[in-house]
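Structural overview for review
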Amino acid sequence: MEDERSFSDICGGRLALQRRYYSPSCREFCLRCPRLSLRSLTAVTCTVWLAAYGLFTLCENSMILSAAIFITLLGLLGYLHFVKIDQETLLIIDSLGIQMTSSYASGKESTTFIEMGKVKDIVINEAIYMQKVIYYLCILLKDPVEPHGIAQVVPVFQVPSSGLQLKKARGVEG
């Protein structure tokens, strides 16, 4: 069984949550973020290059233009490889564990597996971000030394949703 819902992130961007049920003990949640906008990429590139051209006209040094092109290319590659996430997947197998996979815009994938025996609880955490309360899903890991303690808090998805959207997804009104 499979269904898909649309939500918005804290900046108003569209997110698509796809849920797949393979069996009663195996579920997968896939969160897709919007692709990189050509408009925003062009705006940033033009801004950097126009600033460099302005400095070039003042200094008459061609190294400024070369440096601007180099910095723009390195910045774009760094953004695509380390920051821009296209898709996040959460695979839950009840008796085995939780696998979290992040797919970046450059094609890089990062996978983390957490054994079910290490999971203490799964909670919805809240934080304040730019005068908004945002909610995000977290996994609390057991502390091996102290039985009632929490060793680590692991956020499930990198892209937090607004509180109103999350409450609607859970069926809570108000």
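Residues numbered from 1 in each chain as written. Predicted model: local features only at pLDDT ≥ 70, side-chain atom pairs only at ≥ 80, totals over all residues. Heavy atoms only, no water.

This is how it is decided: UniProt positions are given in the numbering used here, feature names are shortened, and annotations may be inferred rather than shown by experiment.
By the naming in an unreviewed UniProt entry, the protein chain is Phosphatidylinositol glycan anchor biosynthesis class H, taken from Rhinopithecus bieti. Looking at the protein chain in UniProt, the text filed under Pathway (unreviewed entry) is "Glycolipid biosynthesis; glycosylphosphatidylinositol-anchor biosynthesis." Database annotation for the protein chain, UniProt heading Sequence similarities (unreviewed entry): "Belongs to the PIGH family."

Description of the overall build of the protein chain
Just so we agree on the cut-off: Helix and strand definitions here come from DSSP, where helices need a minimum of 4 consecutive H or I residues and strands a minimum of 2 consecutive E residues; each element is numbered from the N-terminal end. In this description the radius of gyration comes from C-alpha coordinates, and the expected globular size is given by 2.2 Å times residues to the power 0.38. Three exposure classes are used, based on accessible area relative to the maximum for each residue type with a 1.4 Å probe and protein chains only: buried under 20%, partly exposed in between, and exposed over 50%. Only heavy atoms enter the contact rule, under which two residues are in contact if any of them lie within 4.5 Å. By the counting scheme adopted, Arg and Lys are positive, Glu and Asp are negative, and His together with the chain ends is not counted. To locate a charge, take atom NZ for lysine, CZ for arginine, CG for aspartate or CD for glutamate.
Each helix and strand counted, the protein chain has three helices and ten strands in total. Counting from the amino terminus, the protein chain carries its helices and strands in the arrangement β-β-β-α-α-β-β-β-β-β-β-β-α. Here the C-alpha radius of gyration of the protein chain, 21 Å, is well above what a compact globule of 174 residues would show, namely 16 Å. With respect to the three principal axes, the spread of C-alpha positions in the protein chain is 65 × 40 × 35 Å. A buried classification covers 29% of the 174 residues belonging to the protein chain. In the protein chain, the proportion of contacts linking residues at least 24 apart, taken out of those at least 6 apart, comes to 37%. Averaging the coordinates of the 17 positive side-chain charges in the protein chain and doing the same for the 16 negative ones gives two points 5 Å apart.

Things to note about the packing of aromatic side chains
Our working rule: Stacked, tilted and edge-to-face are the three classes assigned to paired rings of Phe, Tyr and Trp, where Trp is represented by its six-membered ring and a pair needs centres within 6.5 Å; plane angles under 30 degrees give stacked, over 60 edge-to-face, the rest tilted. Whether a charge sits over a ring comes down to the Lys NZ or Arg CZ being within 6 Å of the ring centre and within 35 degrees of the ring normal.
Tallied over the entire structure, the rule returns one aromatic pair. Where Tyr 53 meets Phe 56, the ring centres are 6.1 Å apart and the plane angle is 35°; that geometry is what we call tilted. Separated by three residues within a single helix, Tyr 53 and Phe 56 lie in helix 1 (residues 38-59), roughly one turn from each other. Positioned above the aromatic ring of Tyr 104 is the side chain of Lys 108, whose terminal nitrogen or guanidinium carbon lies 4.7 Å from the ring centre.

Notes on the UniProt feature "transmembrane region" (unreviewed entry) in the protein chain
What UniProt calls "transmembrane region" (unreviewed entry) maps, in this numbering, to residues 36-56 and 62-82. Helix makes up 90% of residues 36-56 and strand makes up 0%, while its end C-alpha atoms are separated by 30 Å. Structurally, residues 62-82 comprises 95% helix and 0% strand, and the distance from its first C-alpha atom to its last is 30 Å.

With respect to the domain arrangement of the protein chain
A common measure of how large an interface is: the accessible area buried when the components associate. So the rule is basically this: Each domain span listed reflects an automatic or database assignment of domains. Accessible area that two parts lose when put together, evaluated with a 1.4 Å probe and summed over both, is termed the buried area. By salt bridge we mean one thing: a side-chain nitrogen of Lys or Arg within 4 Å of a carboxyl oxygen of Asp or Glu. In protein, a polar contact requires one atom able to donate a hydrogen and another able to accept it; more generally it is a pair of N or O atoms within 3.5 Å, and residues adjacent in sequence count only if both atoms are side-chain atoms. Charged means Asp, Glu, Lys or Arg here, nonpolar means Ala, Val, Leu, Ile, Met, Phe, Trp, Tyr, Cys or Pro, and polar covers whatever is left, Gly included.
Assigned domains within the protein chain: domain 1 (2-35 + 86-141) and domain 2 (38-84). Here the C-alpha centroids of domain 1 and domain 2 sit 34 Å apart. Domain 1 puts eight residues into the contact, and the matching count from domain 2 is five residues. Here domain 1 and domain 2 share an interface that buries about 540 Å² over both sides, 51% of which is from carbon and sulfur atoms. Residues Lys 84 and Asp 86 are paired through a salt bridge, measuring 4.0 Å at the closest nitrogen-oxygen approach. Seen at the junction of domain 1 and domain 2, the total is four residue pairs in polar contact (both at pLDDT 80 or more). Classifying every residue of the side of domain 1 that touches domain 2 gives four nonpolar, one polar and three charged.

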